[in-house]
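What follows is the residue order along each chain.
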Amino acid sequence: MLEMKSTSRGLIAHGVSACAGCGLELGARYILEALGENSTLVIPPGCAALFSGYGKETVTKIPGFQGNLENTAAYAAGIKAGYEMQGRHDITVMGMAGDGATVDIGLQSLSGALERGDKILYVCYDNEAYMNTGVQGSASTPSYAWTTTTPGGKQGYRKNLAKIVDAHRIPYLATASIGFIEDFRKKLAKAKEATKTGPAFIHLFAPCPTGWRSRPDTSVEIAQLAVSTRCWPLFEIVDGVLTVTKEVKKPKPLRDYFKLQGRFKDITDEQVEAVRQEVDAAYDRLMEGRV
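Numbers given to residues run from 1 along each chain, matching the order in which its sequence is written. The predicted origin of the model limits local features to residues at a pLDDT of at least 70 and limits the giving and counting of side-chain atom pairs to 80 or more, whereas totals for whole chains, interfaces and linings rest on all residues. Computation of side-chain values covers all heavy atoms of the structure but excludes hydrogens and water.

**Remarks on the packing of aromatic side chains**
Ring geometry is summarised as follows: Phe, Tyr and Trp rings, the Trp one being its six-membered ring, pair when their centres sit within 6.5 Å, and such pairs are stacked at plane angles under 30 degrees, edge-to-face over 60 and tilted between the two. One pass over the full model with this rule turns up six aromatic pairs. Measuring from centroid to centroid gives 5.7 Å for Y257 and F258, while their planes differ by 45°, and the two rings are tilted. Judged by its relative accessible area of 4%, F258 falls in the buried class. Summarising the aromatic geometry, the rings of F258 and F264 are spaced 4.4 Å apart at their centres and angled 45° between planes, so their arrangement reads as tilted. Grouped by ring-pair contacts, the aromatic residues F205, W212 and W232 constitute a single cluster. Two limits define a charge over a ring: the Lys NZ or Arg CZ must be within 6 Å of the ring centre, and within 35 degrees of the ring normal. Its guanidinium or amino end placed over the ring of W146, R213 lies 3.6 Å from that ring's centre, counting from NZ or CZ. Each residue's exposure class comes from its accessible area (1.4 Å probe, protein chains only) as a fraction of the maximum for that residue type: buried when under 20%, exposed when over 50%, partly exposed otherwise.

Have a look at this one:
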């Protein structure tokens, strides 16, 4: 019998019932590849629930637990504490939740775990809406994007999750994208190492063709354009020191990014310019060392 290697293909079933072009599925495979078999996964209800079910229905080959929508970080912290009581300090416990279960409903639980210094890894895969329940807008939905609860385009700004997490002064915080896998891999390795001393957090950009009204074969291209237009800057904060890991000195036109997504089909030139001013200002803050 051939021995199954500890790779992303080995730790997740070859076939998963995610939507075609799902950014989460690609991200999850690289996450488990980086963490390896000596890990435990905590997932709330949502798109990621496809990766952790009950009994024979799970598609992952590591221990997993599916909890409530609002309690992912708390469950992960409790499981980690249980392992440590057994003298098992070598197991990485990771919470993997979407933006709705992190930026909105799970923020209190996450803040508590970060404030306590629980030695867990938390990955928020951000598809910028509540995709699993009908594409409702979340606090992470960007300005002017269509959702079923913002049919005329979202008015207002998205919540700055990185700034909130950074306020807890954790050992490691990073943004990542499925469009830049090597950058993501390096950050996963650093995050895993950081959990030896405290919490680590990664905010992952994960396009959703279903909710974004985009073609499945453009997900990686969209993820790359999000970075090259400065809509999703890539950076990390290690022990309070911020580093931009992908500088974008000459950003690509925002229309290149928006035109691939039906959720922005009604965006006006004035709104595009407003977004340009917003993302450029945010990028300038990062280059000055501020979130």
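**Points about the sheet that holds strand β5 (residues 172–177)**
Paired strands, in this sense, are two strands between which DSSP finds at least two bridges. We count a stretch as a helix when DSSP gives it H or I for four or more residues in a row; a strand needs E for two or more, and each element gets its number in order from the N terminus. Taking strand neighbours across the sheet as the criterion, the eight strands line up as β2-β1-β3-β4-β6-β5-β7-β8 in an open arrangement whose pairing is mixed. The sheet is open, and its two edges are formed by β2 (64–66) and β8 (241–244), each paired on a single side. For this sheet the average axis-to-axis angle between neighbouring strands, irrespective of direction, equals 15°. Bridge analysis of strand β7 (residues 235–238) against β8 gives four bridges, and the strand direction is antiparallel. Directly across from I237, in β8, lies its bridge partner L242. Between two residues, a contact is recorded if the distance between any of their heavy atoms is within 4.5 Å. Each axis is a line fitted through C-alpha atoms, and for a helix only the stretch in contact is used; angles between axes span 0 to 180 degrees, taken between their N-to-C directions. Across the sheet, helix α3 (residues 72–85) lies against β1 (39–43), β2, β3 (92–98) and β4 (121–126), angled at about 170° from β3, the strand it touches most. In the packing of helix α7 (residues 181–194) onto the sheet, the strands contacted are β3, β4, β5, β6 (200–205) and β7, and the crossing angle to β5 comes to about 160°.

**Brief notes about the pairing of β4**
Of all the six residues making up β4, six are buried; the element is thus mostly covered by neighbouring parts of the structure. In β4, alternate side chains face the same way, and those of L121, V123 and Y125 on one face and Y122, C124 and D126 on the other are all buried. Relative to β4, β3 runs parallel, the two being bridged by five bridges. The residue of β4 that forms the bridge with G95 is Y122. In this sheet, β6 lies alongside β4 in parallel orientation, the contact comprising six bridges. Along β6, the bridge assignment pairs L121 with A200.

**Thoughts on the environment of A77**
On the secondary structure map, A77 appears in helix α3. With relative accessibility at 9%, the residue A77 sits in the buried group. For A77 and G112, which are 35 residues apart along the polypeptide, the C-alpha to C-alpha distance reads 9.7 Å. With residues up to four places along the chain from it excluded, the contact list for A77 reads R116, D118 and I120.

**Describing unusual backbone geometry**
Not every positive phi belongs to a glycine, and V135 is a case in point at roughly 65°. With respect to the element layout, V135 can be found in the loop between β4 and α6 (161–166). Look at V135 and you get buried, because its relative accessible area is 10%. One non-glycine residue, R213, adopts positive backbone phi at about 55°. Taking relative accessible area as the criterion, R213 reaches 41% and is therefore assigned partly exposed.

As far as function goes, none of this settles anything; it's purely spatial.
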